[in-house]
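# Structural characterization, general
Residues per chain are reported as follows:
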Amino acid sequence: MQPGELAARARTVAQLGDIVQAVRTLASARRRQAQERFSGLERYAAATRSALGEALTLLPVSAEPQATPPGARRVVVLFSEHGFVGPLNDRLLDAALSVHRRRDEALVAVGSRGRRLWRTMPTTVAAVQATAQRLIEDLFGDVASGRVAEIQVLFAEHEPPLAWEARTLRLFPPEVMAAERPPAKLGPLHSLEPEVLVARAIEEYAFAQVTWAVAQAFASEQAARFVTMDAARHHIQDKLGELRVLERQLRQEAITSEILEIASGAESSEVLP
């Protein structure tokens, strides 16, 4: 390989490094944006859980949900929307298939990197809430029609700074127990009928949980992409260094060869009569 060819190859590798660095920087920025919203989403999810527990105390004990009613079960898996996320989607798929083997449940993938059966995942922090709202409308439409009796969500929960872990959350029926029942005169204040209040509390609870799960999945995708791009950046830097060392060696060899040819020619001219 000639020095000029090596120089061109090094330029191509350097350009690839610039692209990888841009993706890495974008993933880092989006992950930080998602983390900034985590505390608010966690408080929101905790508040809706507490409110649902209080609302359940208004129902007669016999009316409280005791177990999952018979019917179809569904597991919703939140895959990544884009690639370059390392083993994230593979590990989520392994976890989903494990659940599917253990219980006869229908698997539904969200995110273009899974089987695109439903909606896509958000590509910005601002789209998290809209994605959660669409999921709730689709999921609870099936619940209301009686086609689905249980819903679980499988997603990647973000573990700062750059780790994540697959987690399963049962969305419906909610895993919330009624709060300790207070004396009748001290029960929670309400203006709706208990059944209506509980139904609306479940809707708000489910929306809060899905919003939190989608945000976690979004942050995990960005963290996984950052790690993948960071590893690629280091690999490109190493490769670029090797190419530049080889280029210098070839140039030096070419210069040495040229000097030797000149010296050899000079010696030949001196011995000629």
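Let me begin by describing the structure that accompanies this report. (Residues numbered from 1 in each chain as written. Predicted model: local features only at pLDDT ≥ 70, side-chain atom pairs only at ≥ 80, totals over all residues. Heavy atoms only, no water.)

## Focus on the environment of Ala-55
On the secondary structure map, Ala-55 appears in helix H1 (residues 3-56). Discounting residues that sit within four places of it in the chain, Ala-55 has contacts with Leu-197, Val-198 and Ala-201. (Helix = DSSP H or I, 4+ residues; strand = E, 2+ residues; numbered from the N terminus. Contact = heavy atoms within 4.5 Å.)

## What to know about helix H3 (residues 128-145)
Helix length check: H3, at 18 residues, gives a terminal C-alpha distance of 26 Å against a target of 26 Å (1.5 Å per residue), a fit within 8%. Phi turns positive one or two residues past the end of H3, at Gly-146, with a value near 85 degrees. (Expected span 1.5 Å × (residues − 1).)

## Some points on the sheet that holds strand S2 (residues 106-110)
Taking strand neighbours across the sheet as the criterion, the four strands line up as S2-S1-S3-S4 in an open arrangement whose pairing is mixed. The open sheet has two edge strands, S2 and strand S4 (163-172), and neither has a second partner. Taken pair by pair, the neighbouring strands of this sheet meet at an average axis angle of 25 degrees, ignoring direction. For strand S3 (residues 148-159) and S4, the ladder comprises nine bridges, and the chain directions are antiparallel. The residue bridging Val-153 from the neighbouring strand is Leu-169, located in S4. (Pairing = 2+ DSSP bridges. Axes fitted to C-alpha atoms, helices over the stretch in contact; angles between N-to-C directions.)

## Quick word on the environment of Val-143
Note that Val-143 resides in helix H3. When the C-alpha positions of Val-143 and Arg-73 are compared, they lie 10.0 Å apart, and in sequence the two are 70 residues distant. With sequence-adjacent residues up to four places away left out, Val-143 is seen in contact with Val-148, Ile-151 and Phe-172.

## Structural notes on the pattern of salt bridges
Inspection of every chain in the model, using the stated rule, returns nine salt bridges. Between Asp-230 and Arg-233 there is a salt bridge, and its shortest N-O distance comes to 2.9 Å. Of this pair, Asp-230 and Arg-233 are both found in helix H4 (residues 194-271), three residues apart, which corresponds to roughly one turn of the helix. A relative accessible area of 18% means that Asp-230 is categorised as buried. What you see here is one network of salt bridges that share partners, running through Arg-24, Asp-230 and Arg-233. (Salt bridge = Lys/Arg side-chain N within 4 Å of Asp/Glu carboxyl O. Buried < 20%, exposed > 50% of the residue type's maximum accessible area, 1.4 Å probe, protein only.)

## Digging into unusual backbone geometry
Here the amide bond leading from Pro-160 into Pro-161 is cis, since omega sits at 5 degrees, within 30 degrees of zero. Going from Phe-172 to Pro-173, the amide bond is cis rather than trans, its omega being -10 degrees. Notably, Phe-84 is not glycine yet its phi reads approximately 60 degrees, a positive angle. Relative to the helices and strands, Phe-84 resides in the loop between strand S1 (72-78) and helix H2 (88-102). Taking the relative accessible area as the measure of exposure, Phe-84 reaches 61% and is therefore exposed.

## Observations concerning the nonpolar core
Leu-52, Leu-78, Phe-140, Ile-151, Phe-155 and Leu-171 are the most contacted members of the largest nonpolar core, which has 41 residues in total. At the level of elements, H1, S1, H3, S3, S4 and H4 are the ones that each hand at least two residues to this core. Among all residues touching Phe-140, those that are not within four sequence positions of it are Leu-171, Phe-172, Ile-202 and Ala-206. Grouped together as the second largest cluster of nonpolar side chains are 13 residues, Leu-92, Ala-109, Leu-154 and Ala-156 included. (Core = buried A, V, L, I, M, F, W, Y, C linked by side-chain atoms within 4.5 Å.)

Everything listed is a geometric property; what it means functionally is a separate question.
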